[in-house]
Amino acid sequence: MFYPHWGVEQMTLFSLARKNIKGNFNNYFVYFVTLVFSMVIYYTFTSLQYSEKIQESIELSDTMSFMFGVSSIILILFVAIFILYSNSFFTRKRKKEVGLYAILGLRKKTIAKMLFYENLVMGIIALVIGIILGTLLSKLFAMILIKLMGSTADVDFGISFLAITQTVIVFMVIILFTSVQGYRLIYRFKLIELFYAEKKGEQIPKVSLISAVIGVLLLVVSYWLILKPFPDEFTTEYLMKNYGIAFVALFIGTHLFFRSVTVYLLRLSQRNKSRYYRGTRIIETSRLLFRIRGNARTFTVIALLSSATICFLGATYSGYYSNEKRAEEVVPFSYSHLSKGPEFDSQVESIIKADHRHPIKAQLDIPVIQVKAILSFQLDYDINPVQLISESTFNKAANALNKDETVSLSRNQAAVIQPRFTEYTKSVFKGENITIQLPQGSSKLPFVHMVESNVLPFDYPDFFLVVSNEMFAEIAKKEAPLTYKVYEVENEVTAQATSKKVNKLVGNDFQVSSSFYTEYKQGKEGNAITLFIFGFLGLVFLAATGSVIYFKQLTEANEAKGHYEILRKIGVSRKDICKSIKKQSLFVFGLPLTVGILHSCVTLYFTSNFMSNLIGINLIVPILTAIVFFVIIYAVYYVLTVNTYNRIVNK
Amino acid sequence: MKTIVEAKQIKKVYGAKGNVFSALEDIDLTVMEGEFVGIMGPSGAGKSTLLNILATIDEPTTGNIVVDGINLTKMNEEQLSAFRRDKLGFLFQDYNLLDTLTVKENIILPLALAKLNIKELERRADEVADKFGIRDILNKYPYQISGGQKQRTAASRAIISKPSLILADEPTGALDSKSATDLLESLKDLNEQDKATILMVTHDAYAASYCNRVLFIKDGKIFTELVKGKRSRKEFFNKVLDVLSALGGGANDVI
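Worth saying up front: this structure is predicted, and the values here are computed from it rather than measured.

## Side note on the overall build of chain B
(1) Moving on: Within chain B, the secondary structure is distributed over eight helices and 10 strands.
(2) Moving on: Radius of gyration (C-alpha) of chain B: 18 Å, near the 18 Å computed for a compact globule of 255 residues.
(3) Moving on: Overall size of chain B, expressed as C-alpha extent along the three principal axes, is 50 × 45 × 35 Å.
(4) Moving on: Classification of the 255 residues of chain B by burial places 48% in the buried group.
(5) Moving on: Contacts in chain B between residues at least 24 apart in sequence constitute 71% of all its contacts with a sequence separation of at least 6.

Next up, the structure:
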């Protein structure tokens, strides 16, 4: 028996592993790129998380570290799954090679060690490259984030040691795990299994009408559950049950859709012989049919991932997109404060007037009387104290804000301003009345109108009642009104310095800020971070799903070389083969994407129902933007795939 | 009688400066309509290169080829594809069937690509299926049938578009002797009854004995030619064996 010297064995093992990498460059390259890609993404993200500049420039958001923390966990999970997937993909392609070593007489232990070291070395090299690339990229991403937040902080990134440590720890765990998997490969399979790993031919899938029908039914049920209107009584239990079932049905339904419904439809299209037996359609249909089983799981994951990403992107982008509108609703005027005597008021006024870059467009006083009142019906909103404003004040204020709502009331009528963050409609108040209670007796006013333009910053309870001028004057005699001073200035979205001064002087008159700018900026920063995080994660998912299809198609291309060679011999021109590849790739990319978009539209409809602050905001533009963005990136992957596929089979 | 193949001064050189290997040197070949011609020779003699050039899969370095009145050297890729589809039928050692198509779909593929109307297509599919006795397996997939059945499927595909020339590259190479004989008999019938023109490259003297004429190639040149004439197949077989032993080297896998 021959016992090689330990050192010598090490050396030969190492050089054998190195030769392997050289020889199988393509397979290694794909796996390697996956590793580097995951590391770059993860490192970039953590380095952003730890960067002081980013932390500093967010003066007002406290949700940041929470958001980053949660996203970081999602990212770790995702990266781990992605690497494991691509590792198993890579291993499958190498089973035969491993079998060959065993046949040639290498001991199992030697082979196992070789695979272990190979994976370890590759992982470590990828880690170094990943961190270097990540450092460069994180600078770019930080600039994007700061741009989104609208801050002017200059970006100067050093290397974050915390981020490096965290990245190294996370990936060393993953790499060690895959290396151990590699070590165990030779022990897990019989020699014969290793040899025939790639030979297992795919068979034509059988048509199962039952599972196709179940698939469609499940999809219909889940769509119905998602789309059905909210019940009157809205509980967490209902939420969990209804949407839990909906999403499980959606998941299984999607899988069955790809597994059976598409098979069934393709089979159906084969029935029409005069169409099917014409040109290259026969080749495409049959190839797709053969591949669909193997692709069903991938398609499901991709459709669901892309729909989740579109949803997140759409929802967060609409938040970002509609921030100005939301801020305007919460703080209608540029500055508002409670009058505290002429001296104080003029002090505030002089600050605002001193800002020549934001000249005053309108300036008015809004007298408000706070009274107790009772509604003639049950409303699940705490209305007291009710804030009364007069008809003329409301009309003037609405006019100053460029709102085209006016109120005209006769003496005893009242109009309600829709409480913010609620969805009460006109019909809720129609035919009802409100009784204002004053120490000197009460007066009953019928509701004749509901308006949506608020004139003062939000403060709970947000129940404003517009009453006629006469009524207001009458009540004012008994209950002294408070006076709010409000200013509307030009270009309020940039009034940073003045807002700071006003805020400092005025203090907290309302639950929200007294200046529009502060509210606007706060919302913008918060939204920018969510948008950035979801955008970043979306990009990762997108790139990952695109790459998965790309890799799958390339593997398929390598397997299909013979297939296309036969076709060329039979007399299919290169041009027709290219067309045929385009059609097949379009199907492979288009199908999961279409399903994903459909799912996301349904889910977004639900989201917009659910999040009341999104109501009334135009969701179409942001959602379309997210979808178009998605389609464009997929299109890039499509072109890339078609080109490479074509190069492989149609040289 | 019509001339189907007219190849003149075919030369094929591989490699670049300094390291040149010539696979074919000044080959002249003429095949008349209705002939069944065999090409034999030791490994590396250039048989397959010649067949590939005639099949327009490969290009000659110099020389001129006319098949059924069409000059191959002057066509572009698109025209060559159309030419292969309309004028040539192929039969290969490894069958070259598409595993994603049923036997029937494999057979009718050339017609589907030529966009023939469905009625004519079905009629011809039935016709060739009967000829090769594969009617029962029309709806099976290649992975479900035997080697002999696969080769008969391939042969059906080769003749379905009524090509001017059928090119066969070691068609019996992967078959057991019974299946090989069946296939050769079918080719012979095709040749005699339908006047099909067949050019077959083979290693096997037994297969070659089914031809009307056998060309022997050695080192890229035509070594000799045997014509069957009035001889019986058995006599012709012995003649082929004689030439092969004279040819030597590489032909030692003869029975």
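## Some words on the overall build of chain A
(1) Moving on: Each helix and strand counted, chain A has 21 helices and eight strands in total.
(2) Moving on: A burial count over chain A gives 39% of its 651 residues as buried.
(3) Moving on: In chain A, the share of contacts with a sequence separation of at least 24, taken over all contacts with a separation of at least 6, comes to 85%.

## Points about the pairing of strand β8 (residues 198-201) of chain B
All names here are of chain B.
(1) Moving on: Because side chains alternate across β8, one face comprises the buried residues I198 and M200, and the other comprises L199 and V201, equally buried.
(2) Moving on: Here strand β3 (residues 36-40) runs beside β8; their pairing, made up of four bridges, is parallel. Each bridged residue has a counterpart across the sheet, and for V37 the counterpart in β8 is L199.
(3) Moving on: Where strand β7 (residues 165-169) meets β8, four bridges bridge the pair, whose relative direction is parallel. Bridged to A168 within β8 is M200.

## Points about the confidence of the model for chain A
(1) Moving on: Looking at chain A, pLDDT values average 81 and 88% of them are 70 or higher.
(2) Moving on: Within chain A, helix α1 (residues 6-23) of chain A has the poorest average pLDDT of any element, 61, and helix α8 (residues 209-227) of chain A the best, 91.

## What about the nonpolar core?
Residues and elements named next belong to chain B.
(1) Moving on: Membership of the largest hydrophobic core comes to 89 residues, with the highest contact counts inside it found for L54, I108, I166, L167 and L199.
(2) Moving on: With seven residues, the top contributor of residues to this core is helix α3 (residues 103-113).
(3) Moving on: Residues contacting L54, with those up to four places away along its chain left out, are V5, I65, L167 and L199.

## Digging into α8 of chain A
Every α-helix carries 3.6 residues per turn, so stepping three or four residues along brings you back to the same face.
All names here are of chain A.
(1) Moving on: Along its 19 residues, α8 runs 27 Å from first to last C-alpha, staying within 8% of the 27 Å computed at 1.5 Å per residue.
(2) Moving on: Buried residues of α8: A212, G215, L218, L219, S222, Y223 and I226, and no others. Mapping the buried residues of α8 onto a view down its axis gives an arc of 130 degrees, with all of them on the same face. Set apart from the buried face of α8 by more than 90 degrees, the exposed residues are L209, I210, V220 and W224.

## Things to note about the interface of chain B and chain A
(1) Moving on: With 24 residues of chain B at the contact, the number on the chain A side is 21 residues.
(2) Moving on: Of all elements in the fold, only α2 (77-87), α3 and α4 (118-132) of chain B reach the threshold of two or more residues within the side of chain B that touches chain A.
(3) Moving on: Split into classes, the residues belonging to the side of chain B that touches chain A amount to 14 nonpolar, three polar and seven charged.

## What to know about unusual backbone geometry
(1) Moving on: Cis geometry marks the peptide bond from N384 of chain A to P385 of chain A, where omega comes out at 0 degrees.
(2) Moving on: Tracing the backbone through its elements, the reader meets P385 of chain A in the loop between β2 (360-375) and β3 (386-390).
(3) Moving on: You will see that Q9 of chain B, though not glycine, has its phi angle at about 55 degrees, which is positive.
(4) Moving on: Mapped onto the fold, Q9 of chain B is located in strand β1 (residues 3-14).
(5) Moving on: Unlike most non-glycine residues, E170 of chain B shows phi in positive territory, near 50 degrees.
(6) Moving on: Tracing the sequence through the fold places E170 of chain B in the loop between β7 and α6 (177-193).
(7) Moving on: Accessibility expressed as a C-beta count within 10 Å gives 20 for E170 of chain B, which makes it buried.

## Comments concerning the sheet that holds strand β4 (residues 62-67) of chain B
Residues and elements named next belong to chain B.
(1) Moving on: In spatial order, the strands read β2-β1-β4-β5; together these four strands make up an open sheet with antiparallel pairing. Every other strand in the sheet has two partners, leaving β2 (21-32) and β5 (70-71) as the edge strands with one partner each.
(2) Moving on: Pairing of β4 with β5, which is carried by two bridges, proceeds in the antiparallel orientation. Looking at β5, one finds that V66 is bridged to N71.

## Description of the confidence of the model for chain B
Residue and element names in this part refer to chain B.
(1) Moving on: In this model, chain B carries an average pLDDT of 88, and 97% of its residues clear a pLDDT of 70 or more.
(2) Moving on: Under a pLDDT of 50 for its full length, residues 250-255 has, in the predicted model, 11 contacts with residues more than four places off or in other chains.
(3) Moving on: Two summary scores accompany this predicted model of the complex, namely pTM at 0.73 and ipTM at 0.85.

## Let's talk about the environment of I166 of chain B
Residue and element names in this part refer to chain B.
(1) Moving on: Mapped onto the fold, I166 is located in strand β7.
(2) Moving on: Once the C-alpha coordinates of I166 and A196 are considered, the two residues, 30 residues apart in sequence, prove to be 7.5 Å apart.
(3) Moving on: Ignoring anything within four residues of it in the chain, the contact list for I166 reads G89, L91, A158, I159, A196, T197 and I198.

## A short note on the environment of L190 of chain B
(1) Moving on: Here L190 of chain B is to be found in helix α6.
(2) Moving on: Each C-alpha atom, one on L190 of chain B and one on G34 of chain B, is 9.5 Å from the other, the two residues being 156 residues apart in sequence.

## What to know about the packing of α3 of chain B against α4 of chain B
Residues and elements named next belong to chain B.
(1) Moving on: It is at 10 Å that the axes of α3 and α4 come closest, and there the two elements cross at 125 degrees. Classed by the angle they form, the pair α3 and α4 counts as oblique. In terms of crossing hand, the pair formed by α3 and α4 is right-handed. Contact residues: α3 offers K104, I107, I108 and L111, while α4 offers L121, R124, A125, V128 and A129.
(2) Moving on: For the contact of α3 with α4, a count of residues per class yields seven nonpolar, no polar and two charged.

## Focus: helix α18 (residues 516-559) of chain A
(1) Moving on: The first and last C-alpha atoms of α18 of chain A sit 62 Å apart over 44 residues, in line with the 64 Å expected at 1.5 Å per residue.
(2) Moving on: Taking burial as the measure, the 44 residues of α18 of chain A include 33 buried ones, the bulk of the element.

## Focus on the pairing of β3 of chain B
Residues and elements named next belong to chain B.
(1) Moving on: Burial analysis of β3 places five of its five residues in the buried class, which makes it a mostly covered element.
(2) Moving on: Residues F36, G38 and M40 of β3 are buried on one face, and the alternating residues V37 and I39, pointing to the opposite face, are buried as well.
(3) Moving on: Pairing geometry for β3 and strand β9 (residues 213-218), over four bridges, is parallel. Opposite G38, over in β9, you have V214 as the bridge partner.

## Quick notes on the environment of R411 of chain A
Residue and element names in this part refer to chain A.
(1) Moving on: For R411, the location among the structural elements is in the loop between α14 (391-400) and β4 (414-417).
(2) Moving on: Along the chain, R411 and F472 lie 61 residues apart, while their C-alpha atoms are 9.4 Å from each other.
(3) Moving on: Leaving out residues up to four positions away in the same chain, R411 has contacts with S468, E470 and M471.

## Describing the sheet that holds strand β6 (residues 88-92) of chain B
All names here are of chain B.
(1) Moving on: Spatial strand order, β6-β7-β8-β3-β9-β10: six strands in an open sheet with mixed pairing. The open sheet has two edge strands, β6 and β10 (221-227), and neither has a second partner. Direction aside, neighbouring strands of the sheet carry axes that sit 20 degrees apart on average.
(2) Moving on: Relative to β7, β6 runs parallel, the two sharing five bridges. When the sheet's bridge partners are listed, L91 is paired in β7 with A168.

## Some details on the packing of α18 of chain A against helix α21 (residues 620-649) of chain A
Residue and element names in this part refer to chain A.
(1) Moving on: Where α18 contacts α21, the axes come no closer than 10 Å and their chain directions differ by 15 degrees. When the axes of α18 and α21 are compared, the pair comes out roughly parallel. In the packing of α18 onto α21, the handedness of the crossing is right-handed. Contact residues: α18 offers L542, G546, I549, Y550, Q553, L554, A557 and N558, while α21 offers F630, I633, Y634, Y637, L640, T641, T644, Y645, I648 and V649.
(2) Moving on: Here the contact of α18 with α21 is composed, by residue class, of 13 nonpolar, five polar and no charged.

How each quantity is defined
Residues numbered from 1 in each chain as written. Chains lettered and ligands numbered in written order. Predicted model: local features only at pLDDT ≥ 70, side-chain atom pairs only at ≥ 80, totals over all residues. Helix = DSSP H or I, 4+ residues; strand = E, 2+ residues; numbered from the N terminus. Rg over C-alpha atoms; globule rule 2.2 N^0.38 Å. Buried ≥ 20, exposed ≤ 12 C-beta atoms within 10 Å, placed from the backbone. Contact = placed C-beta atoms within 7 Å. Pairing = 2+ DSSP bridges. pLDDT = per-residue confidence, 0-100. Core = buried A, V, L, I, M, F, W, Y, C linked by C-beta atoms within 7 Å. Expected span 1.5 Å × (residues − 1). Arc of directions from axis to C-beta. Nonpolar A, V, L, I, M, F, W, Y, C, P; charged D, E, K, R; others polar. Axes fitted to C-alpha atoms, helices over the stretch in contact; angles between N-to-C directions. Parallel < 35°, antiparallel > 145°, perpendicular 65-115°, else oblique. Left-handed = near helix turned anticlockwise from the far one by under 90°.

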